[in-house]
Amino acid sequence: MLFNVGVYVPAPEHGATRTTDYAFEMACSNIRYGEGVTNEVGMDLQNMKARNVCVMTDKNIAKLPPVKAVLDSLVKNGVNFKVFDKVRVEPTDGSFREAITFARQEQFDAFVAVGGGSVMDTCKVANLYACSPDAEFLDYVNAPIGKGKPVVVTLCPLIAVPTTAGTGSETTGVAIFDYEAMKVKTGIANRALKPVLGIVDPLHTLHMPERVAAYSGFDVLCHALESYTALPYNLRSPCPSNPINRPAYQGSNPISDVWSKHALKIVAKYLKRAVRHPDDFKARYNMHLASVFAGIGFGNAGVHLCHGMSYPIAGMVKNFRAKDYNVDHPLVVCIFFELCTEQTQT
């Protein structure tokens, strides 16, 4: 029972007797923001008493200052590490499996992801399956493609260092990939996957080409708008009979709404500036924060039409690459954005 000002109020019926949910849960990584804050990552791992760290990135980012800053910090603080730089931009189940194999062989006790969403998602999955040595790949993949099993193992700490202002993956427990056998996008979604810390260093956004800033920025817009307009959490069904089964994407809720609305305001003010003027530090920095805010919003509320319709299309894309951008996902989401807004406006 619940008590309110001395008046008895019946508690909500148990999930087993309800058709829609009655609760929502907020989960988010710790976030540290500031110019040059990447230099602290070695101290963080030292504080965690990490002895064998996996640093994941892709071959493009591996050549850029963000990775150098991370590795310099690890060396300075005496942290032992190995680098996996074979992350595939827009991961597949095959590239995930390669990263999982690497992680399982080395027995790491901490992970660091340096890159965009593809790197962070790959690192989350490698951590998950390294800590679940007996799990088959489809065990944790979202149903109906996979079995969608809840994560009950304890994962190693993962620190995410985002280098783009778009995915918000440093805040979420979601990892997206192409399932090649069916040519569709799917993913793994569980709060246990979220990084323990997101190191958001705005200096890294200065390395983004114009098209990267544009398309990843549009991803921020879609994340924020879709999460804000998602089906409300208390209209989503079924109601979980156990809280462990409550999905990460729960539907719009009052807390996610705060983050999503704030992200939308920042995008409206700074996206065009960040794209047109790469040396506009204020615009680039604010878009990096907007990505974090939108990530907190959609990481708990979810996305819908734009992203949902993009998945089967992006899963079929094999050859198209936009100028200066080796990623198809945000561009495909953009294509559906105008259509969705035209069809849903009142």
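Please refer to the structure placed before this passage.
Criteria and thresholds
Residues numbered from 1 in each chain as written. Predicted model: local features only at pLDDT ≥ 70, side-chain atom pairs only at ≥ 80, totals over all residues. Heavy atoms only, no water. Helix = DSSP H or I, 4+ residues; strand = E, 2+ residues; numbered from the N terminus. Buried < 20%, exposed > 50% of the residue type's maximum accessible area, 1.4 Å probe, protein only. Contact = heavy atoms within 4.5 Å. Areas by Shrake-Rupley, 256 points an atom, 1.4 Å probe, with all protein chains shown as cover. Pairing = 2+ DSSP bridges. Axes fitted to C-alpha atoms, helices over the stretch in contact; angles between N-to-C directions. Core = buried A, V, L, I, M, F, W, Y, C linked by side-chain atoms within 4.5 Å. Salt bridge = Lys/Arg side-chain N within 4 Å of Asp/Glu carboxyl O. Expected span 1.5 Å × (residues − 1). Arc of directions from axis to C-beta. Phe/Tyr/Trp six-rings, centres within 6.5 Å; stacked < 30°, edge-to-face > 60°.

**Student:** I'd like to hear about the overall build of the chain, residue by residue, with values.
**Tutor:** In terms of helices and strands, the chain carries nine helices and ten strands. By residue count, 54% of the 346 residues in the chain fall in the buried class. Counting only contacts in the chain whose residues sit at least 6 apart along the sequence, the fraction spanning at least 24 positions is 78%. A total of about 15800 Å² of accessible surface is found on the chain, and carbon and sulfur atoms cover 56% of it.

**Student:** Give a detailed account of the sheet that holds strand 10 (residues 197-200), specifying residues and quantitative values.
**Tutor:** Backbone hydrogen bonds hold the strands of a sheet together, and the pairing may be parallel or antiparallel. Spatially, the six strands line up as an open sheet ordered 3-10-7-6-4-5, and their pairing is parallel. The two strands at the open ends of the sheet, each matched to only one other strand, are strand 3 (30-33) and strand 5 (81-84). In this sheet, adjacent strand axes meet at a mean angle of 20° when their direction is disregarded. Sheet topology note: the strand 7 (residues 158-162)/strand 10 ladder contains two bridges and is parallel. Its bridge partner lying in strand 10, Ile-159 is registered against Leu-197. Seen against the sheet, helix 4 (residues 117-130) touches strand 4 (53-56), strand 6 (110-115) and strand 7 and runs at an angle of roughly 165° to strand 6. Contacts between helix 7 (residues 281-301) and the sheet are confined to strand 3, strand 7 and strand 10, with strand 3 contributing the most and set at about 175° to the helix.

**Student:** So what's going on with the nonpolar core? Which residues, and what values?
**Tutor:** Within the largest apolar cluster, 34 residues are counted, with the highest numbers of intra-cluster contacts made by Met-56, Phe-111, Leu-128, Tyr-129 and Ile-188. Broken down by secondary-structure element, the contributors of at least two residues to this core are strand 4, helix 3 (93-106), strand 6, helix 4, strand 7 and strand 8 (174-179). The element best represented in this core is helix 4, accounting for seven residues. Apart from the residues lying within four places of it in its own chain, the contact partners of Tyr-129 are Ile-100, Arg-104, Ala-135, Glu-136, Phe-137, Tyr-140, Val-141 and Ile-188. Counting 21 residues, the second largest nonpolar core, distinct from the first, contains Val-212, Ala-214, Ala-263 and Tyr-270.

**Student:** For the pattern of salt bridges, give the residues involved together with the corresponding values.
**Tutor:** Scanning the entire structure with this criterion turns up 16 salt bridges. Among the salt bridges present, the one from Arg-236 reaches Asp-21, with a minimum N-O distance of 2.6 Å. Residue Arg-236 is located in the loop between helix 5 (210-228) and helix 6 (254-276), and its partner Asp-21 is located in the loop between strand 2 (7-9) and strand 3; the two are separated by 215 residues in the primary sequence. In this structure, the salt-bridge partner of Lys-149 is Asp-139, at a minimum N-O distance of 3.9 Å.

**Student:** Quick one: what's the story with the side chain of Lys-124, residue by residue and with numbers?
**Tutor:** Relative to the elements of secondary structure, Lys-124 occurs in helix 4. Excluding its chain neighbours within four sequence positions, the residues that come into contact with Lys-124 are Leu-158, Ser-169, Thr-172, Gly-173, Val-174, Leu-193 and Pro-195.

**Student:** Requested: an account of the environment of Pro-66, with residues and values cited.
**Tutor:** Take Pro-66: it is sitting in helix 2 (residues 65-76). Judged by relative accessible area, which is 2%, Pro-66 ranks as buried. Each C-alpha atom of the pair Pro-66 and Asn-39 lies 9.7 Å from the other, and the pair is 27 residues apart in sequence. Excluding its chain neighbours within four sequence positions, the residues that come into contact with Pro-66 are Thr-38, Val-114, Thr-163, His-204 and His-207.

**Student:** Tell me what's going on with unusual backbone geometry, and back it up with residues and numbers.
**Tutor:** With an omega of 10°, the peptide bond running from Ala-143 to Pro-144 counts as cis. Positioned with a positive phi, Glu-90 is a non-glycine residue whose angle comes to about 60°. Take Glu-90: it is sitting in the loop between strand 5 and helix 3.

**Student:** Please give an account of helix 2 that cites residues and values.
**Tutor:** Given a rise of 1.5 Å per residue, twelve residues ought to cover 16 Å, and the 16 Å separating the end C-alpha atoms of helix 2 matches this to within 8%. Within the sequence span of helix 2, burial applies to Pro-66, Val-67, Ala-69, Val-70, Ser-73 and Leu-74. Angular distribution of buried residues about the axis of helix 2 spans 160°; they occupy a single face of the element. Set apart from the buried face of helix 2 by more than 90 degrees, the exposed residues are Lys-68, Val-75 and Lys-76. Against the buried residues of helix 2 lie helix 1 (41-47), strand 4, strand 5, strand 6 and strand 7.

**Student:** Before we move on, could you go through the packing of aromatic side chains and cite the residues and values that matter?
**Tutor:** In total, this model carries eleven aromatic pairs according to the counting rule given. Arranged with centres 5.1 Å apart and planes meeting at 40°, the rings of Phe-84 and Phe-102 form a pair that is tilted. With Phe-84 in strand 5 and Phe-102 in helix 3, the pair connects residues that are 18 residues apart, well separated along the chain. Arranged with centres 5.8 Å apart and planes meeting at 65°, the rings of Phe-108 and Phe-111 form a pair that is edge-to-face.

**Student:** Account for the environment of Arg-191, naming residues and giving values.
**Tutor:** As for its position among the elements, Arg-191 is in the loop between strand 9 (184-189) and strand 10. We classify Arg-191 as buried; its relative accessible area is 17%. Sequence-wise, Arg-191 and Thr-171 are 20 residues apart; in three dimensions their C-alpha atoms are separated by 10.0 Å. In this view, Arg-191 contacts Glu-25, Ala-27, Arg-246, Pro-247, Ala-248 and Gln-250; residues no more than four positions away in its chain are not counted.

No statement about biological role is implied by the geometric values presented.
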